[in-house]
Amino acid sequence: MWYLVICVAAILTAGYFAFRYFTLVYALGKVTEELEEIQKDLTQNQMLHLPVPSRPLGRLLSCCNRALEGLRDERQSYEKREKEFKEQIEHISHDLRTPLTVILGYLKLMKLHREKEANNSCSTVEKELEEVLMIVEKKAETMNNLVTQFYDFSRLQAGGNELKLHKVDAVRILKEALLGSHQILEQASLEIETKLPKGPVWVLGEEGALERIFLNLLQNAGRYAQSYLRIAVEEQGHQRCISFVNDTGKLTKDQVPHLFERFYMQDSSRTRGSTGLGLTIAKALAEGMGAQLEAVLLDEDLKQNLATISFELRIKAI
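Residues numbered from 1 in each chain as written. Predicted model: local features only at pLDDT ≥ 70, side-chain atom pairs only at ≥ 80, totals over all residues. Heavy atoms only, no water.

Observations regarding the overall build of the protein chain
Then, number 1: Each helix and strand counted, the protein chain has 7 helices and 7 strands in total.
Then, number 2: Going from N to C terminus, the protein chain has its helices and strands arranged as α-α-α-β-α-α-β-β-α-β-β-α-β-β.
Then, number 3: Out of the 318 residues belonging to the protein chain, those deemed buried represent 35%.
Then, number 4: Here the protein chain displays about 20,300 Å² of accessible surface, and carbon together with sulfur accounts for 55% of that area. (Helix = DSSP H or I, 4+ residues; strand = E, 2+ residues; numbered from the N terminus. Buried < 20%, exposed > 50% of the residue type's maximum accessible area, 1.4 Å probe, protein only. Areas by Shrake-Rupley, 256 points an atom, 1.4 Å probe, with all protein chains shown as cover.)

See below:
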């Protein structure tokens, strides 16, 4: 009798496991079909479904569905970034073409003036030529600035450009950058206030990188500052904080985290001669020296559409 019971139990157990096996094979087949269908078009919000009740298989499908959601989110984010990138490239291409077109136009005009000058010597022609040359020179400088920013950005993105750090005088470099940015700051009619130590301020950095950071921050102020720019150097423990504070319009708290993003431009109506890479390059160079560059919104007046922002470079002191 007991032998019969054992045989029946064995048959039932074998039947159960056989049923579970074929059920699992069937479920995996259905899941495979769904996956193949989803792969044909990942843009559709399709999910895997559990063909038969199974807790382990259900957990597996849940993980797969979360992975599919992640892929879709990443794809949508990528498509959005690509669209923004294409729009930014269009803007930059326009910025690059504009000075070139002007330069070519004025060169043709110069050629005509030269022909007039050959036929009729006249001081008026010479004066016009001088004015044309000044405009051509200005546009060429704008073009050079754009190309330089692209070059700096591409070099930083490519990597392998490790900065060699040594003892440098940050105040001297800052003063030289201020002299180099005199024209753009003067054109912006800004009230400049500096609070700099009389003696040198020694920091661990790289002279060329520091100069580029200061120039980019000053050019940014020249484009976006409303009425003033305050520059100060302060001691903060083992660091030196070099701050550039200015008032500006059309800037909100939500925009501040995006200021260092590549090609981001705060005001599209004031971007002539700009690639939107200046702050991106400045931050990358600061990080390359082990320093930190951040933007802090100090004040925001929504009624008058004004804000006060501070760009702060913190670098190790020596």
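After presenting the structure, the write-up continues.
A look at the sheet that holds strand S6 (residues 292-301)
Then, number 1: Across the sheet, which stays open at both edges, the 5 strands sit in the order S2-S4-S5-S7-S6 with mixed pairing between neighbours. Each edge of the open sheet carries a strand with a single partner, namely strand S2 (191-195) and S6. For this sheet the average axis-to-axis angle between neighbouring strands, irrespective of direction, equals 15°.
Then, number 2: Judged from the 9 bridges that link them, S6 and strand S7 (residues 306-316) form a sheet pairing that is antiparallel. Each residue of the ladder has a partner; that of leucine 297, found in S7, is isoleucine 309. (Pairing = 2+ DSSP bridges. Axes fitted to C-alpha atoms, helices over the stretch in contact; angles between N-to-C directions.)

Digging into the packing of aromatic side chains
Then, number 1: This model, assessed by the stated rule, comprises 2 aromatic pairs.
Then, number 2: Plain terms: the ring middles of phenylalanine 214 and phenylalanine 244 are 6.1 Å apart, the flat faces sit at 40° to each other, and that makes the pair tilted. Highlighted residues: phenylalanine 214 in helix H6 (residues 207-224) and phenylalanine 244 in strand S5 (residues 239-249), separated in sequence by 30 residues. For the pair formed by phenylalanine 214 and phenylalanine 244, the shared burial category is buried.
Then, number 3: Here the guanidinium or amino end of arginine 230 rests over the ring plane of tyrosine 228, the centre of that ring lying 4.2 Å away. (Phe/Tyr/Trp six-rings, centres within 6.5 Å; stacked < 30°, edge-to-face > 60°. Lys NZ or Arg CZ within 6 Å of the ring centre and 35° of its normal.)

So, the pattern of salt bridges
Then, number 1: The full count for this structure, using the stated rule, is 6 salt bridges.
Then, number 2: Salt-bridge contacts for arginine 230 lead to glutamate 193; the nearest nitrogen and oxygen are separated by 3.9 Å. Residue arginine 230 is found in strand S4 (residues 225-236), and its partner glutamate 193 is found in strand S2; the two are separated by 37 residues along the sequence.
Then, number 3: Taking relative accessible area as the criterion, arginine 230 reaches 40% and is therefore assigned partly exposed.
Then, number 4: Relative accessible area serves as the criterion here: at 44%, glutamate 193 is assigned to the partly exposed category.
Then, number 5: A salt bridge links lysine 283 to glutamate 287; the nearest nitrogen and oxygen atoms lie 3.9 Å apart. In this pair, lysine 283 and glutamate 287 both sit in helix H7 (residues 278-288), 4 residues apart, roughly one turn of the helix.
Then, number 6: Classification of lysine 283 as partly exposed rests on a relative accessible area of 24%.
Then, number 7: Within the structure, one salt-bridge network assembled from shared partners comprises Arg172, Glu176 and Glu207. (Salt bridge = Lys/Arg side-chain N within 4 Å of Asp/Glu carboxyl O.)

A word on the pairing of S5
Then, number 1: The buried fraction of S5 is high, at 10 of 11 residues.
Then, number 2: Strand direction decides the pairing type here: S4 and S5, joined by 9 bridges, are antiparallel. Across the sheet, the residue bridging to alanine 232 is serine 243, located in S5.
Then, number 3: The turn joining S4 and S5, which pair antiparallel and follow one another in sequence, is formed by 2 residues; a positive phi near 65° is taken by glycine 237.
Then, number 4: As defined by bridge partners, S5 adjoins S7 across 11 bridges and the pair is classed as antiparallel. Following the sheet pairing, isoleucine 242 is matched in S7 by leucine 313.

A short note on H7
Since one α-helical turn is 3.6 residues long, residues separated by three or four positions face the same way.
Then, number 1: Buried within H7 are the following residues: Gly278, Leu279, Thr280, Ile281, Ala282, Leu285 and Ala286.
Then, number 2: Two residues or fewer past H7, glycine 290 is found with a positive phi of approximately 75°.

With respect to unusual backbone geometry
Then, number 1: Positive phi, close to 55°, is recorded for serine 189, a residue that is not glycine.
Then, number 2: Tracing the sequence through the fold places serine 189 in the loop between helix H5 (182-187) and S2.

Let's talk about helix H4 (residues 170-180)
Then, number 1: Of all the positions in H4, only Ala170, Val171, Ile173, Leu174, Ala177 and Leu178 are classed as buried. Angularly, the buried residues of H4 cover 160° about the axis, an arc narrow enough to put them on a single face. Those residues of H4 that are exposed and angled more than 90 degrees off the buried face are Leu179 and Gly180.
Then, number 2: Sitting at the head of H4, aspartate 169 places a side-chain oxygen 3.2 Å from the backbone nitrogen of valine 171. (Arc of directions from axis to C-beta. Polar contact = N/O pair within 3.5 Å; in protein donor to acceptor, adjacent residues only side chain to side chain.)

None of this, on its own, says anything about what the molecule does.
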